Structures are given as structure tokens and as C-alpha cells.
Amino acid sequence: MDLTTFEQLLAPEGQALLARAAAQPDLRDETILRHLTALRREAAPDLATAVVETLLLRRRAAVKFERAVAMYFIREALEQASAEVVARYRARRFAGHPAVSDLGCGIGGDTIALAGVVPTVMAVDRDPLRLAMARANVRAYGVEERVRLLDADLHETKPPAAAAFFDPARRTKDGRRVFSITGYEPPLSLVGTWLPVCPAVGVKISPGVDTRELAALGLDAEVEFISVAGELREAALWFGPLRDAASDGRHAARRATLLPEGHTLTDAGAPPAAVMPPGRFLLEPDAAIYRAGLLAELAGMLSAWQIDRDIAYLSTDAAPHTPFARAWPVEDVLPFSVKGVRRRLRELRVGVVVVKKRGSPLDPQEFERMLRLDGPERRTVVLTRAAGRPVAIICGDPLPSATRVSPHDSGRCPAE
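Quick notes on the rules
Residues numbered from 1 in each chain as written. Predicted model: local features only at pLDDT ≥ 70, side-chain atom pairs only at ≥ 80, totals over all residues. Heavy atoms only, no water. Phe/Tyr/Trp six-rings, centres within 6.5 Å; stacked < 30°, edge-to-face > 60°. Helix = DSSP H or I, 4+ residues; strand = E, 2+ residues; numbered from the N terminus. Buried < 20%, exposed > 50% of the residue type's maximum accessible area, 1.4 Å probe, protein only. Lys NZ or Arg CZ within 6 Å of the ring centre and 35° of its normal. Core = buried A, V, L, I, M, F, W, Y, C linked by side-chain atoms within 4.5 Å. Contact = heavy atoms within 4.5 Å. Arc of directions from axis to C-beta. Pairing = 2+ DSSP bridges. Expected span 1.5 Å × (residues − 1). Polar contact = N/O pair within 3.5 Å; in protein donor to acceptor, adjacent residues only side chain to side chain. 1 Å grid on protein atoms, 1.4 Å probe; cavity = no way out; pocket = protein on both sides within 12 Å on 5 of 7 lines; lining within 4 Å. Points joined across faces, edges and corners; volume = space filled by probe spheres on them. Nonpolar A, V, L, I, M, F, W, Y, C, P; charged D, E, K, R; others polar. Axes fitted to C-alpha atoms, helices over the stretch in contact; angles between N-to-C directions.

So, on to the packing of aromatic side chains. A ring pair, where both rings are aromatic, is described by two values, the distance of the centres and the angle of the planes. All told, the structure shown has five aromatic pairs when counted by the stated rule. Where F166 meets W194, the ring centres are 4.9 Å apart and the plane angle is 75 degrees; that geometry is what we call edge-to-face. Pair noted here: F166 is in strand β4 (residues 163-166) and W194 is in helix α9 (residues 189-194), with a separation of 28 residues, a long-range link. Residue F166 is classed as buried on the basis of its relative accessible area of 0%. Residue class for W194 comes out buried when judged on its relative accessible area of 1%. We note R58 situated over the ring of Y72; from NZ or CZ to the ring centre the distance is 4.7 Å. Lying across the ring of Y290, R358 places its NZ or CZ 5.8 Å from the centre.

Of all hydrophobic cores here, the largest spans 54 residues; its most connected members are F6, V51, F65, F73 and F94. Dropping the residues within four chain positions of it, F94 is found in contact with V100, L114, V117, V118, A163, A164, F165, A200, G202, W238 and L242.

For helix α1 (residues 3-10), the set of buried residues is T5, F6 and L9. Considered in projection along α1, the buried side chains sweep an arc of 100 degrees and stay on one side of the axis. Packing partners of the buried residues in α1 comprise α2 (12-22), α4 (45-61) and α8 (128-140).

Moving on: the pairing of strand β16 (residues 389-395). The buried fraction of β16 is high, at five of seven residues. In this structure, strand β13 (residues 325-335) lies alongside β16, joined through five bridges in antiparallel fashion. Bridged to V330 within β16 is C395. In this sheet, β16 lies alongside strand β15 (residues 377-386) in antiparallel orientation, the contact comprising seven bridges. When the bridges of β16 are listed, L383 appears paired with A392.

So, about the pairing of strand β8 (residues 254-259). Among the six residues of β8, five are classified as buried, and the element is accordingly described as predominantly covered. Bridge analysis of strand β6 (residues 222-228) against β8 gives six bridges, and the strand direction is parallel. Note on β8: the bridge partner recorded for V223 is R254. Both β8 and strand β9 (residues 263-266) contribute to a ladder of four bridges, which runs antiparallel. What sits directly across from A256, in β9, is L265. Taking the residues that link successive antiparallel strands as the turn, the β8-β9 hairpin has three residues, and the phi of G262 there is positive, at about 90 degrees.

A word on α8. Here α8 contains 13 residues, and its C-alpha end-to-end distance of 19 Å stays within 8% of the 18 Å for a straight helix at 1.5 Å per residue. Of all the residues in α8, the buried ones are L129, R130, L131, A132, M133, A134, A136, N137 and V138. The secondary structure elements touched by the buried residues of α8 are α1, α5 (75-80), α7 (109-115), β2 (120-125) and β3 (147-151). Two or three places before L129, at the start of α8, stands the capping residue D127, its side-chain oxygen 2.9 Å from that residue's backbone nitrogen. G142 sits one or two positions beyond α8 and adopts a positive phi of about 70 degrees.

With that out of the way, let us pick up the layout of surface pockets. Of the voids in this model, the largest pocket is the one considered here, and its volume is about 700 Å³. At the level of elements, α5, α7 and β2 are the ones that each hand at least two residues to the lining of the largest pocket. Tallying contributions element by element places α5 first for the lining of the largest pocket, with three residues. Considered class by class, the residues forming the lining of the largest pocket number 10 nonpolar, eight polar and 13 charged.

With that settled, consider the sheet that holds strand β14 (residues 350-357). The strand order across the open sheet built from seven strands is β11-β12-β10-β13-β16-β15-β14, with neighbouring strands paired in mixed fashion. Each edge of the sheet is formed by a strand with only one pairing partner; in this case those strands are β11 (305-306) and β14. Along the sheet, helix α13 (residues 338-347) contacts β13, β14, β15 and β16; its crossing angle with β13, the most-contacted strand, is approximately 110 degrees. Docked against the sheet, helix α14 (residues 364-371) engages β14 and β15, running at close to 155 degrees with respect to β14.

Between E185 and the following residue, P186, the backbone shows a cis peptide bond with an omega angle of -5 degrees. With respect to the helices, strands and loops of the structure, P186 is situated in the loop between β4 and α9. The phi torsion at R372 lies on the positive side, around 50 degrees, for a residue other than glycine. Mapped onto the secondary structure, R372 falls in the loop between α14 and β15. Accessibility expressed as a relative area gives 54% for R372, which makes it exposed. Even without being a glycine, A387 presents a positive backbone phi close to 55 degrees. Among the residues examined, A387 registers a relative accessible area of 63% and is labelled exposed.

As far as function goes, none of this settles anything; it's purely spatial.
What follows is the structure, given as C-alpha cells:
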């Protein structure tokens, strides 16, 4: 979609076409061609395509935006946009500032969240189409009186307010994801030039960021990793007054935050956790805790230890009650072998297993098929390492106090 087509979509004829198409009950990816063919009898091909694309993207956006049904998107911008629960959480850091610049505002997701917190948001982008969509989207949320839209190139423009949120593009021009911060556009190096005139800066970065690259930048920032219902979603850098102070008065360098509840943990300089065999309970820390490098802090809070120096599982002998980890009672720990695990599970009359893994090359589904179980009981089997050796940990049902964390069996932290 280009700007001319989008303006046609906003015109009365385009809105009428959009309303008629929205009333079709079976519009989905598999029926696009049929609907496009029908719409092209009523409108120019570009407008017909824009109508179908808008309706499909609105449906996909419903998991991120409460008012997606009235918003406008392009596919790449929607994929990179933050969910409202994350954007609103981040926006609260700017409370008390009279004005905030949203640098690289895109289709306006963060602009909307910021406008709910501060009196004035100056949304800056160099893409006229995205700015036009941002204008329509802030109108859908009724915050247009708080927003000023600026068409400007951040390479040439300083932030127009003393506080700013910066969302650099993390994709190449052909749509491929950029995994190194050195490939962000505009580059993160601009932040250093802004800080003298704009000391309060927040930056959205990929949750899969290489923290060694961040260290190499030498920027004095808090790094925050954010998960939603146990799934790692985003990361952010916070500079100057936006950098939160820990309870002891010092500034945190690393933070993990769990949404929607808002539980947060910062680095407190805890010593590395001890490494010991699994105890009565096995703990899987939330992905944000792992990515923020806060295993030692969590272990200290829970009087827990690691079962392997290179594996992000903790263990404890006391039933843990924490939002920061999912926990299972340990029933048995076996040196890994398919035959040994199968024999023990059959002794326990197990027929249903949930297989998790971390630090194991085995595919959980393939391992489950190899067990060939048929009993009435259920167990969780964790394939991992303990003290450098492969083990299978047989566990009971997860503790109810930690069931809000989503079980990602691979143990990998998803990147953006």
C-alpha cells in the first residue's frame, strides 16, 4: 500500500468498500483471491487489495491492540509493533514529563500508549505512509489532541522534547530481521548524541540482543527484558532519569519484568549460585530472568541452587512461592537412558508424559514415542544435565502458585 492508496481508503468510497468487505463472514487467508476478484469489480485493484489487507491485518492485530478493528497497518509495522500491555507498561516510565518524543513512531502504537501518560507526544517518522496511519490510529483511540506528528529524518533531527522513546528499525529494506544492534536503523550510536539535550531516553531493542554487543557500546543504561505470560517479548534500554533506582539507592543495570502483573527483579550483585544435585523441587525461571542474567538473584531469594553451571534450571528443598519461576516436585533423578526412564515410568504406571528439555539434543516428541507407555498416571520428564552429565528428572504436576508461566519446552528464549 502506498500513501495515495491509503488516502483513497480513508475517503468515503474506500470506507464504504471497507465496511462491505468487513461484513463478509469468511474472509481469511485461504479466500483472499475470491474476495479480491469480487472487490476489483467495484474498485481499482490497488484499493481492493488495500481493503483486504487491512481487514486481514486488523484480525491479526487483535491480539496486540484493543481497538484493532478501527486501526490501519502495514504487515511489517504490525509485526514490529509492541503489544498494548507492553507499550503501556513502558509508557509509565515517562510519567511526569510534560512532553515525550516518539522517535520512529511507525503506525503509532507507542504514541498511543505515551499519550495516555503525558500531555504531549511528538511522533517522528520519515515514512509518510506510516505517519498517515499513525494519525488515523491515534484518532481511533481519541488521543489526537495530545499528539503532534512530525515528518523528519532522525539522522538530521534532534529529539524535539527532553524525553524520548526510540524505536529503531530492526529489519533490512527487503524485510529480513536484523539480529545485531549494529544493523539497527537509525543506529543506536545516535543516542549518545541526543543525551546532552534529551537526557531521558528509552530504546526498544530485540529481546534476542547479544548482551556482549551492548557492553561494547559503553552506554550507561539499564537493560530490561520483558515477558508476557512467560513468553519473552521485548527488551529496552533506559537512560538518565528513566533508569530506575534499586531499593539500596544504586541504579540497576539489569532488570527482568513479568507482565501483565508487573513483577520485576533487578540485579543486586548476588554471588553465583551454588551447583548441587536436584533437590525436592525443580524450577524453570521465567525467560526474562534468564535473559537478564538474574539467576543468581533469584537463587538467593529462594535459597536455591543450580543443578548445572551452564543450565538455567534451579532447585530447592523448600516449596517455592514465586512469580519468577515455574516449579515441579521432583520424584526421581535418573542417569539418562531411554530404557532406564521407560522402566521407571512403567513402575509408576505412567501413560501420559510431558517432555521438557534444556541442554539435551533429543526431540521431546520423538522421545515420548520411544517410551511406549500406556498406564493411567501422568508425569513431567525433564531431559537436561546435572553437574555436566545427562539426566532425566521425573516430576509431578507443576505447583499451582506458578502455573501462570507458559511452558516453552525447548528452553530457548524466542527472539523478536
